[in-house]
Structures are given as C-alpha cells and as structure tokens.
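Each chain, written out:
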Amino acid sequence: MSDTHEEAHTGPIKNPKQLLLTVFLSFVLPVFAIIGLVVFVTSGNKPAEGVANPEMAIAQRIQKVGMVEVRDANRPLRPGEEVFKGQCAACHATGAAGAPKLGDAAAWAPRIQTGFEALVQSALKGKGAMAPQGGGDFDDTEIARGVAYMANASGGKFEEPNRPDAPAADGAAAPAPAASGG
C-alpha cells in the first residue's frame, strides 16, 4: 500500500534536467515572447525617415562625413574692440572664473609683464579656466588684436598686429608689437 501511495504523488518531473527545461519554458520563453511582441507592435506603423521630403532624405544619406569651411583670408581684420565684444567680454567684462576685468590695471600688470606673445599664446591655447580661443569666429591675428585691446585698456602699450603678410596701415612692413609693461 505504501508503494501505491508514493506512486500517486509523483509528478511528470523526474530529474533536474526536466526541472530546468520546465522552468525555462514556463518563465524565460514567455518573457522573450513578450519582448518580441512589444518590438513588433511599436515598430510596425512608423513612416520611414524622409518619406515626407525624399530630397532631404537623399541629401542626408549622401552627406560627407567631414565639412571644410573656407574663410576669406583677404577680408579686413576686425579691430580689437570688436573682438573683445564678440569673444572676450563674457568673462573679461564681468571677471567670471577669475578672469581679469577690462581696465583693471592691478590684475593685468603681472600678465602684461610676461609680454605680448605670452598673452596671445595664453588666449589661443587657453589658460586656467579660459578655454582655447583659436579656431572660432575670429582668426589668430584678430584674437591677438583683442588681447592688445584688453592689455592696452589696462595699462599696456601694445600695437594691434596685422596679418603677417599684410603691410601696416602706414605702408611700412608689419611691425613687431612693442612689449612694454605699464
């Protein structure tokens, strides 16, 4: 009687392999089925990209990976004040992030002592919290003009540079900036 009793309580799973197969089929397989259905339903009725404007879609597909911007090297240089207002004023007018303010001779004096080239290189390559200024809307010579404007407003006596290949305003060769502290 005891043999019959144990026989009646046994289930279809007889070994661990059958248990693992049952767990997989009962839980894991339905999860994957639900994920598949969700992906199928959500991606079904979306219009293809560019259907509204096929010309735009074609232009996007054949667009070059990189872009080259050709600037007019013969355009007149912008003056230092304009460069200051366009590129430098955000920090140097307010003193943000420890930037020396325009006209603050005490803050600019040690910087002016380093010389014009050192100031220009700091502006172009960045220094402290100031990011590099080269490669933006202004070329390197215009950035140097902005540096001369700020330094001169704070006690320096630097001449705004011209392009290396351009003659000076008075017809002479491009002068080297004077490096005098003040």
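Small disclaimer: the values here were computed from a predicted structure and weren't measured. (Residues numbered from 1 in each chain as written. Predicted model: local features only at pLDDT ≥ 70, side-chain atom pairs only at ≥ 80, totals over all residues. Heavy atoms only, no water.)

Enquirer: Explanation requested: the pattern of salt bridges in the structure shown.
Expert: If the charged atoms of two oppositely charged side chains come close together, the side chains can form a pair. Taken as a whole, this structure holds 3 salt bridges when the rule is applied. A salt bridge links E160 to R145; the shortest N-O distance between them is 3.6 Å. Taken as a pair, E160 in the segment after α7 (140–153) and R145 in helix α7 lie far apart in primary sequence, 15 residues in all. Judged by its relative accessible area of 10%, R145 falls in the buried class. (Salt bridge = Lys/Arg side-chain N within 4 Å of Asp/Glu carboxyl O. Helix = DSSP H or I, 4+ residues; strand = E, 2+ residues; numbered from the N terminus. Buried < 20%, exposed > 50% of the residue type's maximum accessible area, 1.4 Å probe, protein only.)

Enquirer: What am I meant to see in the packing of aromatic side chains here?
Expert: Where two aromatic rings form a pair, the distance of their centres and the angle of their planes describe that pair. Following the criterion strictly, the structure yields 2 aromatic pairs and no others. Residues F84 and Y149 carry aromatic rings whose centres are separated by 5.6 Å and whose planes lie at 50 degrees to one another, so their mutual orientation is tilted. Here F84 is found in helix α4 (residues 80–92), whereas its partner Y149 is found in helix α7, with 65 residues between them in sequence. For F84, a relative accessible area of 6% gives the class buried. Ring plane angle 45 degrees and centroid distance 5.1 Å describe the contact between F116 and F158, whose orientation is recorded as tilted. One end of the pair, F116, is in helix α6 (residues 116–125); the other, F158, is in the segment after α7, with 42 residues separating them in the sequence. Of the two residues, F116 and F158, both sit in the buried class. (Phe/Tyr/Trp six-rings, centres within 6.5 Å; stacked < 30°, edge-to-face > 60°.)

Enquirer: Explain the packing of α4 against α7 here, please?
Expert: To describe two helices that pack against each other, one gives the angle between their axes and the distance between the axes. Two numbers describe how α4 lies on α7: the axes approach to 8 Å, and their chain directions differ by 75 degrees. The angle between α4 and α7 places the two elements in the roughly perpendicular class. Together, G80, E81, V83, F84, Q87, C88 and H92 of α4 and E142, I143, R145, G146, Y149 and M150 of α7 make up the contact between the two elements. Residue composition of the contact of α4 with α7, grouped by class: 6 nonpolar, 4 polar and 3 charged. (Axes fitted to C-alpha atoms, helices over the stretch in contact; angles between N-to-C directions. Parallel < 35°, antiparallel > 145°, perpendicular 65-115°, else oblique. Contact = heavy atoms within 4.5 Å. Nonpolar A, V, L, I, M, F, W, Y, C, P; charged D, E, K, R; others polar.)

Enquirer: So what exactly am I meant to see when it comes to the packing of α6 against α7 here?
Expert: Look at α6 against α7: their axes get within 9 Å of each other, and the N-to-C directions meet at 120 degrees. Considering the angle they form, α6 stands oblique to α7. Helix-helix and strand crossings are classified by hand; for α6 and α7 the assignment is right-handed. Facing α6, whose interface residues are F116, L119, V120, A123 and L124, α7 presents D140, I143, A144, V147, A148 and A151. (Left-handed = near helix turned anticlockwise from the far one by under 90°.)

Enquirer: I would appreciate a short explanation of helix α2 (residues 16–42) in the present structure.
Expert: Because the α-helix completes a turn every 3.6 residues, residues three or four places apart line up on one side. Taking 1.5 Å as the rise per residue, α2 with 27 residues should run 39 Å; its terminal C-alpha atoms sit 38 Å apart, in good agreement. In the structure, α2 departs most strongly from a straight axis at L25, where the bend amounts to approximately 35 degrees. Capping of α2 at its N-terminal end is provided by N15; its side-chain oxygen lies 3.2 Å from the backbone amide nitrogen of K17. (Expected span 1.5 Å × (residues − 1). Bend = angle between axes of the 7 residues up to and from the residue. Polar contact = N/O pair within 3.5 Å; in protein donor to acceptor, adjacent residues only side chain to side chain.)

Enquirer: Please clarify how the nonpolar core should be interpreted in this entry.
Expert: Soluble globular proteins: nonpolar side chains tend toward being buried together. Judged by nonpolar contacts, the single largest core of 19 residues is most densely connected at F116, L119, V120, I143, V147 and F158. Elements represented by at least two residues in this core include exactly α4, α5 (105–113), α6 and α7. The element contributing the most residues to this core is α7, with 6 residues. The contact partners of V120, leaving out residues within four places of it in the chain, are A144 and V147. (Core = buried A, V, L, I, M, F, W, Y, C linked by side-chain atoms within 4.5 Å.)

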